[in-house]
Amino acid sequence: MTAPENASPLKTRLRVMAEELGFQAFGVVGIAAALRREYYLKWIAEGQHGSMGWMERNNDRRLHPPNFLPEARSIIMVGMNYYQPYPQVGYKVARYALGEDYHNFLFKRLKKLCTAMRELGGEQRPCVDTAPVMEKPLASQAGLGWQGKSTILVHRKRGTWLLLGTIFTTLELEPDTPEPDRCRSCTRCIDACPTQAITGPYQLDARRCLAYLSIEHDGVIPEEFREAMGDRLFGCDECLNVCPWNRWAEASAEEKLKPRPLPENLRDSFEWTEDYYNLRFGGTPLKRLRLPRWLRNACVVLGNTGTAADLPALEKLAAGPDAMVAEHAAWAVRRIRERRAGEGNFPPKENGAA
Ligand code: SF4
Ligand code: SF4
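Small disclaimer: the values here were computed from a predicted structure and weren't measured.

Asks: Got a sec to walk through the domain arrangement of the chain? Specific residues and values, please.
Replies: Taken domain by domain, the chain consists of domain 1 (9-83 + 95-169) and domain 2 (263-338). Averaged C-alpha coordinates put domain 1 and domain 2 at centres separated by 35 Å.

Right under this line is the structure:
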């Protein structure tokens, strides 16, 4: 993160502070940033946000940044590299969710920046994801990258792996130049999406997206998407993994984002209690999923990747009290049996060998 030659001493100081706090990207956009309001409202009106009702609310602030903080003049956008290689456990958890939940520690670091800015005479409001902020359009206006055809922010050096934070401030800081769109003729993200959720360039139907279906969506995963889930237990990185701008990606040096241990064998988690689940994944994004949805997703993954050795545990779950989990477990049993039958060696031989 190098300061542009024309940056004011104040902005340079803030940029250096952000770097010391672990942010690799920093940019400023004026409070009257141009947002694609019509696009967002149309997307909501079409119901493409699925059951994420919170996306319909607070549009007075989401679409009008000046309403966040009276007298605000500028918006600072920061980004932290979260890229991590996948742990070798036979299933995938989205890279952003492998370590500690970023919301708390990012917010604390933004608050440190805000404290320093207060001493410089500013009044601030920090946000990390949880407030109704159009982070990606603001980040692209602040020169952190551009919103690619997958709708994800793409940074020229960090690729698609940035966690974003926002600070509204009354300080007048000179805005950065927005980054031009560098997707050009590439369509890799659109082609790679296993559920055709990217319905066209810059168009994402969340109802088809595995990140939504496996995390936000509470209930049955429609059968048409289960096979496409493959080995993805929590979220999906497919449209990010294929982006050519990730060729320079390096594993994040941030200790808090280092992967936490995951169970080697998904069927072992069938014996967990809700308390154990919460203890095991406390402080990580997985905790928010809660045990029933973990089990639901684990059944889908095992239905796609499991072997005869998983059948007893799945059959037990299929007879269990949670109807939603039981239905997914029964589906997984059917899938494994069909696969084994297709391979010509099912039912198992008498000695139990698969
Ligand atoms: S996260 Fe996965 S399912 Fe969602 S748009 Fe990207 S590739 Fe498609
Ligand atoms: S994969 Fe290609 S089209 Fe998609 S965001 Fe990256 S550069 Fe753009």
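Asks: Describe the site of ligand 1, with residues and values.
Replies: What surrounds ligand 1 is the set C193, P194, T195, A197, I198, L204, C209, L210, C236, E238 and C239. Residue composition of the shell around ligand 1, grouped by class: nine nonpolar, one polar and one charged.

Asks: If you had to explain the site of ligand 2 to someone new, which residues and values would you point to?
Replies: The local shell around ligand 2 consists of G148, K149, S150, V154, C183, C186, R188, C189, C243, P244 and W245. Of the residues belonging to the shell around ligand 2, the class tally is seven nonpolar, two polar and two charged.

Asks: Let's hear about the pattern of salt bridges: which residues, and what values?
Replies: Using the criterion set out here, one finds 19 salt bridges in the structure. Measuring nitrogen to oxygen at the nearest pair gives 3.6 Å for the salt bridge that ties D218 to R293. Placement of D218 in the loop between α7 (210-216) and α8 (223-229) and of R293 in helix α12 (residues 291-305) is noted, with a sequence separation of 75 residues between them. Here D218 falls in the exposed class, since its relative accessible area comes to 59%. By relative accessible area, which is 14% here, R293 ends up buried. Put simply, R337 and E315 hold a salt bridge, and the shortest N to O gap is 2.6 Å. Of this pair, R337 sits in helix α14 (residues 323-343) while E315 sits in helix α13 (residues 311-318); the two residues are 22 residues apart in sequence, bridging distant segments of the chain. Among the residues examined, R337 registers a relative accessible area of 35% and is labelled partly exposed. Salt bridges linked by common partners bring K11, R15 and D176 together as one network.

Asks: Any chance you could break down the environment of I336 for me, citing the residues and the numbers?
Replies: On the secondary structure map, I336 appears in helix α14. Residue class for I336 comes out buried when judged on its relative accessible area of 0%. Along the chain, I336 and L153 lie 183 residues apart, while their C-alpha atoms are 38 Å from each other. Here I336 is in contact with L302, G303, G306, T307, A308, D310, L311 and L314, once residues within four sequence places are set aside.

Asks: Before we move on, could you go through the pairing of strand β2 (residues 74-81) and cite the residues and values that matter?
Replies: Where burial is concerned, most of β2 is hidden: eight out of the eight residues are buried. Sheet topology places strand β1 (residues 25-30) next to β2; six bridges connect them, and they run antiparallel. Counted as the bridge partner of G30 is S74 from β2. Relative to strand β7 (residues 162-169), β2 runs antiparallel, the two being bridged by eight bridges. Paired with I76 across the bridge in β7 is I167.

Asks: An account of the nonpolar core is requested, with residue identities and associated values reported.
Replies: Counting 105 residues, the largest nonpolar core has I76, Y91, V93, W294 and L314 as its most contacted members. Looking at which domains feed residues into this core, each of domain 1 (9-83 + 95-169) and domain 2 (263-338) gives three or more. Each residue touching L314, except ones within four places of it in the same chain, is listed here: F270, C299, L302, A329, A332, V333 and I336. By size, the runner-up hydrophobic cluster in this structure holds five residues, among which are W146, C183, C243 and W245.

Asks: Break down the packing of helix α1 (residues 9-20) against helix α4 (residues 102-119) for me, citing the residues and quoting the values.
Replies: Running from N to C, α1 and α4 point in directions that differ by 155°, and their axes come no closer than 10 Å. Between α1 and α4, the angle falls in the class roughly antiparallel. As α1 packs across α4, the resulting crossing turns out to be right-handed. Contacts between α1 and α4 involve L14, M17 and A18 from the former and L113, A116 and M117 from the latter.

Asks: Lay out α14 in plain terms, naming residues and giving numbers.
Replies: When the terminal C-alpha atoms of α14 are compared, their 30 Å separation across 21 residues agrees well with the 30 Å that a helix rising 1.5 Å per residue should span. Along α14, the residues that are buried comprise M324, V325, A326, H328, A329, W331, A332, V333, R335, I336 and R340. Contact partners of the buried residues in α14: α8, α12 and α13. The backbone nitrogen of M324 lies 3.0 Å from a side-chain oxygen of the residue at the head of α14, namely D322.

Asks: So what about the confidence of the model for the chain? Which residues, and what values?
Replies: Across the chain, pLDDT averages 91, with 95% of residues at or above 70. Of the regions scoring below 50 in pLDDT, residues 349-354 engages in four contacts with residues more than four places distant in sequence or in other chains.

Asks: I'd love a proper account of the sheet that holds β7, names of residues and values included.
Replies: With antiparallel pairing, the four strands of this open sheet are ordered in space as β1-β2-β7-β4. Strand pairing shows two members of the sheet lacking a second neighbour, β1 and β4 (124-127), which therefore form its edges. Here the average twist between neighbouring strands, direction ignored, is 20°. On the sheet, α4 packs against β2, β4 and β7 and is oriented at approximately 35° with respect to β7.

Asks: Describe unusual backbone geometry, listing the residues and the values that go with them.
Replies: The phi torsion at T151 lies on the positive side, around 80°, for a residue other than glycine. Mapped onto the secondary structure, T151 falls in the loop between β5 (146-147) and β6 (153-154). The phi dihedral of R184 is positive, around 50°, even though this residue is not glycine. Structurally, R184 can be placed in the loop between β7 and α6 (188-192).

What counts, and where the lines are drawn
- Residues numbered from 1 in each chain as written.
- Chains lettered and ligands numbered in written order.
- Predicted model: local features only at pLDDT ≥ 70, side-chain atom pairs only at ≥ 80, totals over all residues.
- Heavy atoms only, no water.
- Domains from an automatic or database assignment.
- Near = heavy atom within 4 Å.
- Nonpolar A, V, L, I, M, F, W, Y, C, P; charged D, E, K, R; others polar.
- Salt bridge = Lys/Arg side-chain N within 4 Å of Asp/Glu carboxyl O.
- Helix = DSSP H or I, 4+ residues; strand = E, 2+ residues; numbered from the N terminus.
- Buried < 20%, exposed > 50% of the residue type's maximum accessible area, 1.4 Å probe, protein only.
- Contact = heavy atoms within 4.5 Å.
- Pairing = 2+ DSSP bridges.
- Core = buried A, V, L, I, M, F, W, Y, C linked by side-chain atoms within 4.5 Å.
- Axes fitted to C-alpha atoms, helices over the stretch in contact; angles between N-to-C directions.
- Parallel < 35°, antiparallel > 145°, perpendicular 65-115°, else oblique.
- Left-handed = near helix turned anticlockwise from the far one by under 90°.
- Expected span 1.5 Å × (residues − 1).
- Polar contact = N/O pair within 3.5 Å; in protein donor to acceptor, adjacent residues only side chain to side chain.
- pLDDT = per-residue confidence, 0-100.

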